[in-house]
Every structure is written in C-alpha cells, then in structure tokens.
Amino acid sequence: MERWTLVADVVSVVCLLGGAFFVLAAGVGALRFPDLLSRMHAGTKPQTLGLVLVLVGLALRLREGGAVWALVLVAIFQMLTAPVAAHMVGRAGYRTGKVRHDLLVVDELTRDLEEAGGGTTDDPEAGERTGPDAEERVDPAAPGGPGTR
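Quick caveat, the model's predicted, so the values are computed rather than measured.

Visitor: Hey, could you run me through the overall build of the protein chain in this one?
Guide: Counting its regular elements, the protein chain contains four helices and zero strands. Secondary structure elements of the protein chain occur, N-terminal to C-terminal, as α-α-α-α.

The following block contains the structure:
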C-alpha cells in the first residue's frame, strides 16, 4: 500500500504544478493579449484546465470520499459555467463594439443579426447601428458626453 501512496503523491504534485502553470498562463494571457476575444479565450480555456488539474491533485492528496466528491462537484460546476460566461461576455462585447472586426476570420453574428432584422452591429460595412438601444448610445468623446465634466 505504501507504493500506491508514493505514486499518488507524485502524480498529485505533477497535477498541482501543471494546474498552477495553466492558471498562471491564463492570467498572463488575460493581461497581455490585445483584444477582448483573445483575452476571453485566455481567461477561460487554460484557467478551467488548470483548475481541474489542481482539483485532481487535491483529490489524489486528500483521498477522502467526501472531499473528493466536493472537488468533483466544483470541477463539474466550473466546466458547465465557464463556457456560458465566456459566451455571454463575448456577445456583450460584440454588441457594445469592443470586438475588432478586422481580426475576425468569420463573422456569423453580424449576418445572423442582419437576418433577424434589428440586431446591433458595429461593422462599418454593415451600415448604421441598429437595435433597440441604438438611440441610447452616447459617444464618450463627444462634448457633453459622459467623459466630460
């Protein structure tokens, strides 16, 4: 049984270090990448993998049924919520004009919004901004806008 304990501890350390590396990479990517979509990708993909590796390392180290099941629930919850949160952040960024359209290889959202008639788009080739909140938008650089006093 001692051999199994040694192997589990070594694998645990490898998982913990690997997870820490992925979480660090996610943080560096979120700080260094130039645009919203790249930062969002860096903040979700390696961060989720890093967290799962840390949880596996903890489960191998703790080896108690209750703690392992709690860690499994945390991992499942993270894998279910991270893609949804990233999708919503990306969609909100797209609708508010934070996405650089010149970097997009395929822009299906603009086409879908135009087909639906009434979506918001900031694509200069798509024409004027449309949508229910188009009149409410204020240019922060305009005189008397929110950026001035």
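Visitor: Can you help me understand the pattern of salt bridges in this one?
Guide: Pairing is possible between side chains that carry opposite charge, provided their charged atoms lie close to one another. According to the stated counting rule, one finds five salt bridges in the structure shown. As a salt-bridge pair, Glu115 and Arg111 come within 3.9 Å of each other at their nearest N and O atoms. Note that Glu115 and Arg111 are positioned in helix α4 (residues 108–116) at a spacing of four residues, about one turn of the helix. Given a relative accessible area of 62%, Glu115 falls into the exposed group. According to the relative accessible area criterion, Arg111 is partly exposed, its value standing at 43%. Overlapping salt bridges, with partners in common, bring together Asp9, Arg61 and Arg63 in one network.

Visitor: Whenever I open this one, the packing of helix α2 (residues 36–62) against helix α3 (residues 65–95) confuses me. Can you help?
Guide: Geometry of a packed helix pair, given as the angle between the helix axes and the separation of the axes. At a minimum axis separation of 10 Å, α2 and α3 run at an interaxial angle of 180°. Regarding the angle of α2 to α3, the classification is roughly antiparallel. Here α2 contributes Leu36, Leu37, Met40, Thr44, Gln47, Thr48, Leu51, Val52, Leu55, Leu58, Ala59 and Leu62 to the contact with α3, which in turn contributes Ala67, Val68, Leu71, Val74, Ala75, Gln78, Met79, Ala82, Ala86, Val89, Gly90 and Gly93. The class makeup of the residues in the contact of α2 with α3 is 18 nonpolar, six polar and no charged.

Visitor: How do you make sense of a nonpolar patch on the surface when you look at a structure like this?
Guide: A cluster of nonpolar side chains, namely Trp69, Val72, Ile76 and Leu80, defines an oily patch on the protein surface of about 430 Å² accessible area. By the element assignment, Leu80 lies in helix α3. For Leu80, a relative accessible area of 59% translates into the label exposed.

Visitor: Whenever I open this one, the confidence of the model for the protein chain confuses me. Can you help?
Guide: The predicted coordinates should not be examined in detail at positions where pLDDT is low. Per-residue confidence for the protein chain gives a mean pLDDT of 81; residues scoring 70 or more make up 78%. For the protein chain, the element scoring lowest by mean pLDDT is α4, at 82; helix α1 (residues 2–32) scores highest, at 94. In this model residues 123–140 is a low-confidence stretch, pLDDT under 50, and it forms 29 contacts with partners more than four residues away in sequence or in other chains.

The rules behind these values
Residues numbered from 1 in each chain as written. Predicted model: local features only at pLDDT ≥ 70, side-chain atom pairs only at ≥ 80, totals over all residues. Heavy atoms only, no water. Helix = DSSP H or I, 4+ residues; strand = E, 2+ residues; numbered from the N terminus. Salt bridge = Lys/Arg side-chain N within 4 Å of Asp/Glu carboxyl O. Buried < 20%, exposed > 50% of the residue type's maximum accessible area, 1.4 Å probe, protein only. Axes fitted to C-alpha atoms, helices over the stretch in contact; angles between N-to-C directions. Parallel < 35°, antiparallel > 145°, perpendicular 65-115°, else oblique. Contact = heavy atoms within 4.5 Å. Nonpolar A, V, L, I, M, F, W, Y, C, P; charged D, E, K, R; others polar. Patch = residues over 30% accessible without salt bridge, like charges linked within 9 Å, V, L, I, M, F, W, Y side chains within 5 Å. Areas by Shrake-Rupley, 256 points an atom, 1.4 Å probe, with all protein chains shown as cover. pLDDT = per-residue confidence, 0-100.

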